[in-house]
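Structural overview for review
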Amino acid sequence: MGNYSREEILQMVEEEDVEFIRLQFTDMYGAIKNIAVTARELPRALDNQCIVNGEQISGMAGDKGTDLYLSPVRDTFSILPWRPQQGKVARLICDLYCPDGTPYQNSPRYILEKTAAKAEAEGYTCFIDPECEFFLFHTDDNGKPTTVTHEQAGYLDISPLDLGENARRDMVLTLEDMGVEVESSHHEAAPAQHEIDFHYGEIRKIADCLMTFKMAVRIVAKRHGLHATFMPKPRSEVNGSGMHIQFSLFKDGRNVFENQNNPEKLSEEAYYFIGGLLAHSKEMALITNPLVNSYKRLVPGYDAPTELTWTENNQNSLVRIPVTRRDGIRVELRSPDASANPYLVLAVCLAAGLDGVKNKIYPTKSSNIATQDGNTEHLPETLKDAIELFEQSSWIKNVLGEDFCQEYIKEKKNEWLRYVRQVTDWEVEEYLYRL
């Protein structure tokens, strides 16, 4: 992905023999939607003349009869490496606009843009470094996904133990071809579990990269005869998959989290940012952990956070301070999982951290061991608990918007009801296909 002008995109389409361009956006859940236009129609698309029916899209059903205009973000232009090399296919991520020319307020990408703009108004630019975990499973004879794997590889193992090594390599190469800078990749702790880490970048750019990542991983896995799932806990006996996010704030070109005069190297802003994440973690859990299955991951004993504490090395803690890198101090939030909508996750996390900085919310004392006194607060234990905390929060409504929250709550309540009414394991039967 690059900083392209309108003329440069039209020229690349002609020179690269691109015949179709997919205009992509995400729904409330973070599922990619798109319409495809021919190269002939691209000038019209770049002039924001392509329309979709919002009534048919999850989270937009409340806007009956609303036509939404797609506004391509030129920086996201990329040719899809897995499509034919003659008559190529490209994509552009789009913003959504109302017929009167105003941004569509319930667009997840717009919600993140609005939150990042508020940070910039206060002089801050947020950089993040996400660590995305996922599983690669076999499919059955009919091509349907399973939770079956024949490998027994563990953390950082290599071939022949790591049977997904070739698929993971192709995923990295595909992402690089699409302009996504990959920092590293490796096998994770559980059999068939993998991780791909991005290069540190500005929060809005990385959100787009996360959507590209999820699309590419699924498609490359399928080409290898595998099914890639971002389900947080597809197998109960092993670790689940998270999407740990490392944050830092820059002001006037300086990482404001860093204070070399403090033994812990943390500034007051870093402490306050941590305090904000801890203070708002329960009410934003429905965004960071949006599925019934998400709360099966957030249990003790599987390297997942359960306690609302911060630490340097306690795997039960919500927030961790990683080893300092060349870009300085970072604050890592460990609760999110990759089933969530990246735009919404990053929006609420940034808003929580900034609220901590603004209101000087100081965190509790750090804990490098799991607490035993019973006084430590914990994340919600079920999706139902998360819905209730979300519904009671005026802060989350201010971040996401009243209309968005009403629609989101309605969808999540229906989700919970469908789950409790099912006799079979609804999560595997239903979610494995969507994730």
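Residues numbered from 1 in each chain as written. Predicted model: local features only at pLDDT ≥ 70, side-chain atom pairs only at ≥ 80, totals over all residues. Heavy atoms only, no water.

Moving on: the confidence of the model for the chain. Mean pLDDT over the chain: 90, with 91% of residues reaching 70 or higher. The low-confidence segment residues 428–435, where pLDDT is below 50, has 25 contacts with residues more than four positions distant or belonging to other chains. (pLDDT = per-residue confidence, 0-100. Contact = heavy atoms within 4.5 Å.)

Using the criterion set out here, one finds 16 aromatic pairs in the structure. Consider the rings of Tyr-271 and Trp-310, whose centres lie 5.9 Å apart with planes at 70°: the pair is edge-to-face. Here Tyr-271 is found in helix 6 (residues 268–280), whereas its partner Trp-310 is found in strand 14 (residues 307–311), with 39 residues between them in sequence. Here Tyr-271 falls in the buried class, since its relative accessible area comes to 5%. Among the aromatic residues, those joined into a cluster by ring pairs are Phe-134, Phe-198, Phe-213 and Phe-230. Seen from the ring of Tyr-302, Lys-233 lies directly overhead, with NZ or CZ sitting 3.6 Å from the centre. (Phe/Tyr/Trp six-rings, centres within 6.5 Å; stacked < 30°, edge-to-face > 60°. Helix = DSSP H or I, 4+ residues; strand = E, 2+ residues; numbered from the N terminus. Buried < 20%, exposed > 50% of the residue type's maximum accessible area, 1.4 Å probe, protein only. Lys NZ or Arg CZ within 6 Å of the ring centre and 35° of its normal.)

Further remarks concern the pattern of salt bridges. Taken as a whole and judged by the stated rule, the model has 21 salt bridges. With a shortest N-O distance of 2.9 Å, Arg-235 and Glu-237 are connected by a salt bridge. For Arg-235, a relative accessible area of 22% puts it in the partly exposed group. For Lys-412, the salt bridge identified is with Glu-415, shortest N-O distance 3.2 Å. (Salt bridge = Lys/Arg side-chain N within 4 Å of Asp/Glu carboxyl O.)

Below, the discussion takes up the packing of helix 4 (residues 165–177) against helix 5 (residues 203–223). Each pair of packed helices can be described by the angle between their axes along with the distance between the axes. Relative orientation of the contacting elements helix 4 and helix 5 amounts to 135°, with a least axis distance of 9 Å. As the angle between them shows, helix 4 and helix 5 are arranged oblique. Remark: the crossing between helix 4 and helix 5 carries right-handed chirality. Residue-level contacts link Ala-167, Asp-170, Met-171, Thr-174 and Leu-175 of helix 4 to Thr-212, Phe-213, Ala-216, Val-217, Val-220 and Ala-221 of helix 5. Here the contact of helix 4 with helix 5 is composed, by residue class, of eight nonpolar, two polar and one charged. (Axes fitted to C-alpha atoms, helices over the stretch in contact; angles between N-to-C directions. Parallel < 35°, antiparallel > 145°, perpendicular 65-115°, else oblique. Left-handed = near helix turned anticlockwise from the far one by under 90°. Nonpolar A, V, L, I, M, F, W, Y, C, P; charged D, E, K, R; others polar.)

Here we take up the side chain of Ser-281. Considering the arrangement of structural elements, one finds Ser-281 in the loop between helix 6 and helix 7 (285–288). On the basis of relative accessibility, which here comes to 3%, the residue Ser-281 falls in the buried class. Here Leu-278 takes part through its backbone oxygen, which lies 3.0 Å from a polar atom of the side chain of Ser-281. The contact partners of Ser-281, leaving out residues within four places of it in the chain, are Leu-308, Leu-318 and Leu-379. (Polar contact = N/O pair within 3.5 Å; in protein donor to acceptor, adjacent residues only side chain to side chain.)

For the pair helix 3 (residues 108–121) and helix 9 (residues 342–359), the least separation of the axes is 8 Å and the interaxial angle reads 25°. As far as their axial angle goes, helix 9 and helix 3 are roughly parallel. Crossing of helix 3 over helix 9 shows left-handed handedness. Contact residues: helix 3 offers Pro-108, Arg-109, Ile-111, Leu-112, Thr-115, Ala-116 and Ala-119, while helix 9 offers Tyr-343, Leu-344, Leu-346, Ala-347, Leu-350, Ala-351 and Leu-354. The residue makeup of the contact of helix 3 with helix 9, split by class, is 12 nonpolar, one polar and one charged.

A word on helix 4. With 13 residues, helix 4 extends 18 Å between its outermost C-alpha atoms, agreeing within 8% with the 18 Å of an ideal straight helix rising 1.5 Å per residue. For helix 4, the complete set of buried residues consists of Ala-167, Arg-168, Met-171, Val-172, Thr-174 and Leu-175. One face of helix 4 carries all of its buried residues, which in axial projection span an arc of 165°. Looking at the buried side of helix 4, the elements it contacts are strand 7 (125–138), strand 8 (182–187), strand 9 (193–198), helix 5 and strand 11 (226–229). (Expected span 1.5 Å × (residues − 1). Arc of directions from axis to C-beta.)

Attention now moves to the nonpolar core. Membership of the largest hydrophobic core comes to 96 residues, with the highest contact counts inside it found for Ile-196 and Leu-400. Within the second largest apolar cluster, 22 residues are counted, among which are Val-18, Leu-70, Phe-77 and Cys-98. (Core = buried A, V, L, I, M, F, W, Y, C linked by side-chain atoms within 4.5 Å.)

Within a regular strand, the side chains alternate between the two sheet faces. Looking at chain direction, strand 1 (residues 18–26) and strand 6 (residues 88–97) are connected through six bridges and run parallel. Bridge pairing in strand 6 links Leu-23 to Leu-92. Across seven bridges, strand 1 lies against strand 2 (residues 32–38) in antiparallel orientation. Looking at strand 2, one finds that Phe-25 is bridged to Lys-33. In this antiparallel pair of consecutive strands, strand 1 and strand 2, the connection spans five residues, and Gly-30 shows a positive phi of 95°. (Pairing = 2+ DSSP bridges.)

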